[in-house]
Amino acid sequence: MKWLTAVTLSMLLALSGCETFKDGPTAVAQLDVPPGSQVWGSVRFVEIGGKVTVRADVRGLRPGAQFGFHVHERGQCNAPGEHFNPMGKPHGNYRVADRHAGDLINLQSDAEGNAVYAFETNLLTVTAGPTSVIGRTIVVHADPDDYRTQPAGNSGEAIACGVIRAVQ
């Protein structure tokens, strides 16, 4: 019975996304805020089996709203550049492969203004190469991405940004 309990607990922790069970190249970004913004949090990128899982915990958002969430090309929050697009694709919905690598699903805040987020993509890597997130930025935008307006989904100004750094 103890063995069954341990297996059940292990499976529940694995399904819940507990980082203890994930090993692979990892990168993190601590969100910095422009003057006047109250948004803060962190974003983690873990690469396993040719896919990157993006996990975010973002606080201080407008309650019950959506926010554009993108990897940008430059590693500077004061000038993050365009959406990360190493394959030269149009901006698009996160459900289609023919889009910017940096186009992620919108963040959704709860009634308290908090967003806990998980998204998996095969268009990004943490390891070195043309699709690596290392040295780029993750940006939370003031408005939701509409997934069609070129070149950036009409998602508005940045309300938080973090430089993505490798975890050693």
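Below is a short write-up of the structure.

Analysis parameters
Residues numbered from 1 in each chain as written. Predicted model: local features only at pLDDT ≥ 70, side-chain atom pairs only at ≥ 80, totals over all residues. Heavy atoms only, no water. Helix = DSSP H or I, 4+ residues; strand = E, 2+ residues; numbered from the N terminus. Buried < 20%, exposed > 50% of the residue type's maximum accessible area, 1.4 Å probe, protein only. Contact = heavy atoms within 4.5 Å. Areas by Shrake-Rupley, 256 points an atom, 1.4 Å probe, with all protein chains shown as cover. Disulfide = S-S within 2.5 Å. Pairing = 2+ DSSP bridges. Core = buried A, V, L, I, M, F, W, Y, C linked by side-chain atoms within 4.5 Å. Polar contact = N/O pair within 3.5 Å; in protein donor to acceptor, adjacent residues only side chain to side chain. Salt bridge = Lys/Arg side-chain N within 4 Å of Asp/Glu carboxyl O.

Counting its secondary structure elements, the protein chain contains 1 helix and 10 strands. When its helices and strands are written in sequence order, the protein chain yields α-β-β-β-β-β-β-β-β-β-β. When each of the 168 residues of the protein chain is scored for burial, the buried share is 41%. Pairs at least 24 apart in sequence give 61% of the contacts found in the protein chain among residues at least 6 apart. Carbon and sulfur atoms provide 56% of the accessible area of the protein chain, an area that totals close to 9,000 Å².

Time to look at the state of the cysteines. The final tally for this structure, using the stated rule, is 1 disulfide. In this model Cys 77 forms its disulfide with Cys 161; the gap between the sulfur atoms is 2.2 Å. Between Cys 77 and Cys 161, the S-S torsion sits near -85 degrees, and that sign places the bridge as left-handed. Of this pair, Cys 77 sits in the loop between strand S5 (69–72) and strand S6 (107–108) while Cys 161 sits in strand S9 (residues 158–163), placing them 84 residues apart in sequence.

A few words on the pairing of strand S7 (residues 115–121). Burial along S7 is one-sided: the face carrying Ala 115, Tyr 117, Phe 119 and Thr 121 is buried and the face carrying Val 116, Ala 118 and Glu 120 is not. Pairing analysis gives 7 bridges linking strand S3 (residues 51–59) to S7, with the strands arranged antiparallel. When the bridges of S7 are listed, Ala 56 appears paired with Tyr 117.

Okay, the nonpolar core next. By size, the foremost hydrophobic cluster in this structure holds 33 residues, and its most contacted members are Phe 45, Phe 69, Val 71, Leu 104, Ile 138 and Val 140. When residues in this core are grouped by element, the largest group, 4 residues, is from S3. Apart from residues no more than four positions distant in its own chain, Val 140 is found in contact with Leu 31, Leu 61, Phe 67, Gly 68, Phe 69, Leu 107, Glu 157, Ala 158, Ile 159 and Ala 160.

This part takes up the environment of Thr 149. Its place among the elements puts Thr 149 in the loop between strand S8 (137–141) and S9. Separated by 59 residues in sequence, Thr 149 and Pro 90 place their C-alpha atoms 9.7 Å apart. Residues within four places of Thr 149 in sequence aside, it is in contact with His 91 and Asn 154. A polar contact of 2.4 Å, which involves the side chain of Thr 149, links it to the side chain of Asp 146.

Within the structure shown, the criterion is met by 3 salt bridges. The partner of Glu 120 in a salt bridge is Lys 51, with the nearest N and O atoms 3.6 Å apart. Of the two residues, Glu 120 is situated in strand S7 and Lys 51 in strand S3; the sequence distance between them amounts to 69 residues.

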